[in-house]
Amino acid sequence: MKYIGVDIGTTHIKAIVFDEESNKLIAKRIEKTPVMKDQFDGFAHDPSAIRDCIYRLLKKVVVDIGDASDVVSLSVASFGEEIVLLDKDKEPIGNSLVWYDNRGKEEAEEFLTEETLPLFNGNKVDSSFSIFKLLWMKKYRPTDLEKSVSVVDMGSYIVGSLCGNYVMDWSHASRTGVFDIFTRSWNHSVMEAAELEYTMLPPLVPSGSVVGTIKKDISQELGLPNTMALVSGAHDHLCAAFASGVRKKGDLFISAGTSEAHLVLTEDPINTSTISYPIDQGCFVDDKSYYIMSSLPSGHVFKQWRQLLYKNVDENTIYEEISQVPVGSEGVLFHLSEDLKQESLQGMSYSTNRAVLLHAIMEGLAWKSKEVSQVLSDLNGEHYEKVIVAGHPTKVELWKEMKATALEKDLTIIHEVESTALGAALLAQKPFIHCKEQHIAEFSKYQNSIEIMNG
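These numbers come from a predicted model, not from an experiment.

Trainee: Before we move on, can you summarise the environment of F179 with the specific residues and values?
Mentor: Relative to the assigned elements, F179 resides in strand β11 (residues 179-180). Assessed through its relative accessible area of 5%, F179 is described here as buried. Expressed as a C-alpha distance, the spacing of F179 and E31, which sit 148 residues apart in the sequence, is 32 Å. Setting aside anything within four residues of it in sequence, one finds F179 in contact with W170, A173, S174, R184, S185, W186, L204 and C283.

Trainee: Before we move on, can you summarise the sheet that holds strand β4 (residues 36-37) with the specific residues and values?
Mentor: In a beta sheet, neighbouring strands pair by backbone hydrogen bonds and run either parallel or antiparallel. One open sheet accounts for 3 strands, arranged β4-β5-β8; its pairing is antiparallel. Across the chains shown, the open sheet's two edge strands, defined by having one partner strand only, are β4 and β8 (96-97). As paired elements, strand β5 (residues 43-45) and β8 share 2 bridges and run antiparallel to each other. Its bridge partner being in β8, H45 is matched across the sheet by S96.

Trainee: I'd like to hear about the confidence of the model for the protein, residue by residue, with values.
Mentor: On average, residues of the protein carry a pLDDT of 91, and 95% of them reach 70 or more. Below pLDDT 50 for its whole length, residues 435-448 participates in 25 contacts with residues either more than four positions away or in separate chains.

Trainee: Would you mind going over the sheet that holds strand β6 (residues 71-78) in detail, with residue names and values included?
Mentor: Sheet architecture is open: 6 strands sit in the order β3-β2-β1-β6-β15-β14, paired in mixed fashion. Edge positions in the open sheet fall to β3 (24-32) and β14 (210-213), since each of these has one partner strand only. On average, each strand axis in the sheet is tilted by 20 degrees relative to the strand beside it, whichever way the strands run. Sheet topology places β6 next to strand β15 (residues 229-235); 5 bridges connect them, and they run parallel. Within β15, the position partnered with S78 by the bridge is H235. Sitting on the sheet, helix α1 (residues 47-65) is in contact with β1 (2-8), β2 (12-19), β3 and β6, with an inclination near 145 degrees to β3. Contacting β1, β6 and β15, helix α9 (residues 236-243) crosses the sheet at an angle of about 100 degrees to β15.

Trainee: Which residues make up unusual backbone geometry, and what are the values?
Mentor: Residues other than glycine seldom take positive phi values, yet D41 does so here, at roughly 65 degrees. Position of D41 relative to the elements: it lies in the loop between β4 and β5. A positive phi angle, near 50 degrees, is found at S329, a position not held by glycine. Topologically, S329 is positioned in the loop between α11 (315-322) and β20 (333-336).

Trainee: I'd love a proper account of the state of the cysteines, names of residues and values included.
Mentor: This structure, assessed with the given rule, holds 0 disulfides. Cysteine C53 remains unbridged, with the sulfur of C239 as its closest cysteine sulfur at 18 Å. The thiol of C163 is not disulfide-bonded; the next cysteine sulfur, from C239, is found 17 Å away. Given a relative accessible area of 14%, C163 falls into the buried group.

Trainee: So, helix α3 (residues 130-140): which residues are in play, and what are the values?
Mentor: For α3, the buried fraction is high: 8 of the 11 residues fall into the buried class. Those residues of α3 that sit buried are S130, I131, F132, K133, L134, L135, W136 and M137. Of the surrounding elements, those touching the buried residues of α3 are β7 (83-86), β8, α2 (105-111), α4 (142-147) and α7 (188-193).

Trainee: Now, about the packing of aromatic side chains: what can you tell me, with residues and values included?
Mentor: Applying the stated criterion across every chain, the model contains 10 aromatic pairs. With 5.0 Å between their ring centres and 80 degrees between their planes, F40 and W136 make a pair best called edge-to-face. Separated by 96 residues along the polypeptide, F40 in the loop between β4 and β5 and W136 in helix α3 bring together distant segments of the chain. A residue is classified by how much of its surface remains accessible, and W136, at 5% relative accessible area, is buried. Measuring from centroid to centroid gives 6.3 Å for F40 and Y140, while their planes differ by 65 degrees, and the two rings are edge-to-face. With a gap of 100 residues between them, F40 in the loop between β4 and β5 and Y140 in helix α3 connect regions that are remote in the sequence. Residue class for F40 comes out partly exposed when judged on its relative accessible area of 34%. A connected cluster of aromatic rings, assembled from ring pairs, spans F40, W136 and Y140. The ring of F43 is capped by K37, whose NZ or CZ atom sits 5.1 Å from the centre of that ring. For R103, the ring lying beneath its charged end belongs to W136, and the centroid distance is 4.8 Å.

Trainee: Give me the pattern of salt bridges: which residues, what numbers.
Mentor: Considering all chains together, one arrives at 26 salt bridges under this definition. Residues K28 and E418 are paired through a salt bridge, measuring 3.1 Å at the closest nitrogen-oxygen approach. Within this pair, whereas K28 is found in strand β3, its partner E418 is found in the loop between β23 (411-414) and α14 (419-429), the two being separated by 390 residues in sequence. Taking the relative accessible area as the measure of exposure, E418 reaches 5% and is therefore buried.

Trainee: Give me the lowdown on helix α12 (residues 354-380), citing residues and values where you can.
Mentor: Taking 1.5 Å per residue as the helical rise, α12 with its 27 residues ought to reach 39 Å, and the 39 Å between its terminal C-alpha atoms agrees with that figure. With 19 of its 27 residues buried, α12 lies for the most part within the structure. With its phi angle positive at about 70 degrees, G381 sits one or two positions after the end of α12.

Trainee: Go over the packing of α9 against α14 with me, naming the residues and quoting the values.
Mentor: Here α9 crosses α14 at 80 degrees, and the two axes come no closer than 7 Å. Viewed along their axes, α9 and α14 adopt a mutual orientation that is roughly perpendicular. Here D236, C239, A240, F242 and A243 of α9 lie close against α14, whose contacting residues are S419, T420, L422, G423, A424, L426 and L427. For the contact of α9 with α14, the per-class residue count stands at 8 nonpolar, 3 polar and 1 charged.

About the cut-offs
Along each chain, numbering runs from 1 in the same order as the chain's sequence is written. With pLDDT at 70 or above as the cut-off, local features in this predicted model cover only qualifying residues; side-chain atom pairs require 80 or more to be listed or tallied, and sums for whole chains, interfaces and linings still use all residues. Calculation of side-chain values draws on the structure's entire complement of heavy atoms; hydrogens and water are dropped beforehand. Numbering goes from the N terminus for both helices and strands, where a helix is a DSSP run of H or I of at least four residues and a strand is a run of E of at least two. Exposure is judged per residue with a 1.4 Å probe applied to protein chains only, and the accessible area is read against the type maximum: over 50% gives exposed, under 20% gives buried, and values in between give partly exposed. Here, two residues are considered to be in contact whenever any of their heavy atoms come within 4.5 Å of each other. Any two strands with at least two DSSP bridges between them are considered paired. For every residue, the predictor states its confidence as a pLDDT score lying anywhere from 0 to 100. The convention used is that axes are lines fitted to C-alpha atoms, helices contributing only their stretch in contact, and that angles between N-to-C directions extend from 0 to 180 degrees. Cysteine sulfur atoms that pair up within 2.5 Å are treated as a disulfide. Two aromatic rings, drawn from Phe, Tyr or Trp (for Trp, its six-membered ring), form a pair once their centres lie within 6.5 Å of each other, and the interplanar angle then sorts them: stacked below 30 degrees, edge-to-face above 60, tilted otherwise. Over a ring means this: the NZ of a Lys or the CZ of an Arg is within 6 Å of the ring centre and within 35 degrees of the ring normal. Only one rule defines a salt bridge in this text: a Lys or Arg side-chain nitrogen within 4 Å of an Asp or Glu carboxyl oxygen. For a helix, the expected span equals 1.5 Å multiplied by the residue count minus one. For classification purposes, angles smaller than 35 degrees are called roughly parallel, those larger than 145 roughly antiparallel, those between 65 and 115 roughly perpendicular, and all remaining angles oblique. Asp, Glu, Lys and Arg are counted as charged, while Ala, Val, Leu, Ile, Met, Phe, Trp, Tyr, Cys and Pro are counted as nonpolar; the rest, among them Gly, fall into the polar class.

As structure tokens, then:
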């Protein structure tokens, strides 16, 4: 049997096919994620363009595998916070504000008062949450909001376009600001306080739930069997964690990309409203666990400084040069503020060169990772026993050495670079495995390339 996983990422969109019998990815296609500047001069996604891109990728992986008759199901991983407005015909209305766009921040500051904060039932509120994007639309795109009869996340929009049933999984709902993780239900009080119609909120389902079967005309268009099931997906970081074998409270997962997510599982949700550190929490993909997570802008920071210091220099040359810098970066220190929004460099002299600066930035980010991990450990009330790391930076020896040294732990490195898409494929597989323990064990067979980096 085969299962398809789609990863809608900030930079790229990927479609993979996971073959259950061989425990291998047997096909992968990738395209750049289409992004644009909208009429408000902000970054936006055209949901139809995202959908068309995914359909192209699906057609290609079908050709790659030759025989798609035994494709059982498909699921989608995608970024959080971003929302798609749907009209009465379930067609998207206008563009979606990208998850990292600052629009909604001002609305969050206006909305979050002593009167409204208790409505969130002890859950920490982030200005990037979907509720504040809706409030921005209410102010600047009122006609679009009035025409909307439903709102979903981007991944659920793709699943819905394939089967006609539009729902939202718990993990994406956890990033809306309108989801009560204690009851796993919509918080209508927040919508009422925001003067938004709660009827636009879609039905809620756990990740890994069958929500429909592919439409006949689309199955013919894409070359997929008309029996293929569509399964609710999850937030991309959570899919990556699931694919990397995160299953218990003592696991610390680090998903290294543009945003470097640090995640641990909890048995119950906690009150985060009084915590100053940027902490997210929500429902994990296994129907029972919760997660607490903090994300460092490590990839973004590195890319920013690489562009300034090493523009048009290839990656191998960069790492060869900065690897010559000794531990301690000749006394230069890089620091991220507690809110993770301000950067500072100290200890520079007139002789400090670009290699020392970038080395110091990498070291500073590694030590910030240790700080974040300790905060999560304290909140969880348990020391993490295992550190599981996935993502592009794990290909870099210097990065791994710095991370292991800072955390003082052995790192379990997952070499599957498409861990997020694989997580979506495993969610697609989940409803069709009768024994859940078998599902948990199956991935250990897939992990045929795990590295241990000594801390």
